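Descriptive analysis of the structure
Below, each chain spelled out in residue letters.
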Amino acid sequence: CMCDRKNISPMFYTRRISSGRFILIRFFALITATMIPVLLMGAVLTCMHAANYGLANIDVFAYFRYAFFWLLPTAMAAIAVGLFFTTLTNTPVAIAVQLIWWFTDMLGVNGTYSFFGVRPLQLIPRHNELGNVEAYIGYLPSLIQNRIRIVLIAVLLIVGTIYVFSAKRRGLLYVPVFKRGKVQSAS
């Protein structure tokens, strides 16, 4: 998209659809496209475990519960960060923001990688140890609070994206675009 030489901005800033509806449709389309492979893989793994252990001996919805509880908030936040910063700057700066968030998650508070546990605004909580259910149950309340916070961050970023997009459509917001060392007009 960034290499496309045609200026298609006027097509995006038409007013036949509300800004909120446009951004929400884009957001939910990206969420759907992100979660479909995860859900398909969950279905395949469920079928494999049902074949190995019998349908009565497995939790058929286990993969789907974890996909929606553990992975969906992460996907929502990552997509919301991408939409917000891309809409605001018309550049791929969102990649840098997400990389900073990811490196901060990986290093943790004390600068070392944590195998399991969760911090309040951790994007990608970890439990990289088979078994050790007691530790998981011990930090489950923190994990639930973390997932709620991450969803709230995603919602706030989407609301911000709607505001920025609406202001740009109405011509009320100008963010300079940097190209070849010069500041150029977005129009």
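In this report, the structure presented in the accompanying data block is examined.

Cut-offs applied
Residues numbered from 1 in each chain as written. Predicted model: local features only at pLDDT ≥ 70, side-chain atom pairs only at ≥ 80, totals over all residues. Heavy atoms only, no water. Salt bridge = Lys/Arg side-chain N within 4 Å of Asp/Glu carboxyl O. Buried < 20%, exposed > 50% of the residue type's maximum accessible area, 1.4 Å probe, protein only. Axes fitted to C-alpha atoms, helices over the stretch in contact; angles between N-to-C directions. Helix = DSSP H or I, 4+ residues; strand = E, 2+ residues; numbered from the N terminus. Parallel < 35°, antiparallel > 145°, perpendicular 65-115°, else oblique. Left-handed = near helix turned anticlockwise from the far one by under 90°. Phe/Tyr/Trp six-rings, centres within 6.5 Å; stacked < 30°, edge-to-face > 60°.

Looking now at the pattern of salt bridges. For the structure shown, the criterion picks out 1 salt bridge. With a closest N to O distance of 2.2 Å, Asp-59 and Arg-65 form a salt bridge. With relative accessibility at 38%, the residue Asp-59 sits in the partly exposed group. Assessed through its relative accessible area of 45%, Arg-65 is described here as partly exposed.

Right, let's talk about the packing of helix H2 (residues 19-53) against helix H3 (residues 62-89) for a bit. Packed helices, taken two at a time, are described by the angle their axes make and the gap between the axes. Two elements in contact, H2 and H3, have axes whose closest approach is 10 Å; the angle formed by their N-to-C orientations is 155 degrees. On the basis of their axis angle, the class for H2 and H3 is roughly antiparallel. Considering only the axes of H2 and H3, their crossing is right-handed.

Right, let's get into the packing of aromatic side chains. One pass over the structure, following the stated rule, counts 4 aromatic pairs. Between Phe-27 and Phe-28, the ring centres sit 5.4 Å apart and the planes meet at 65 degrees, which makes this aromatic pair edge-to-face. Using a relative accessible area of 49% as the deciding quantity, one classes Phe-28 as partly exposed. An angle of 85 degrees between the planes, with centres 5.0 Å apart, marks the rings of Phe-84 and Phe-85 as edge-to-face. What makes Phe-84 buried here is its relative accessible area of 17%.

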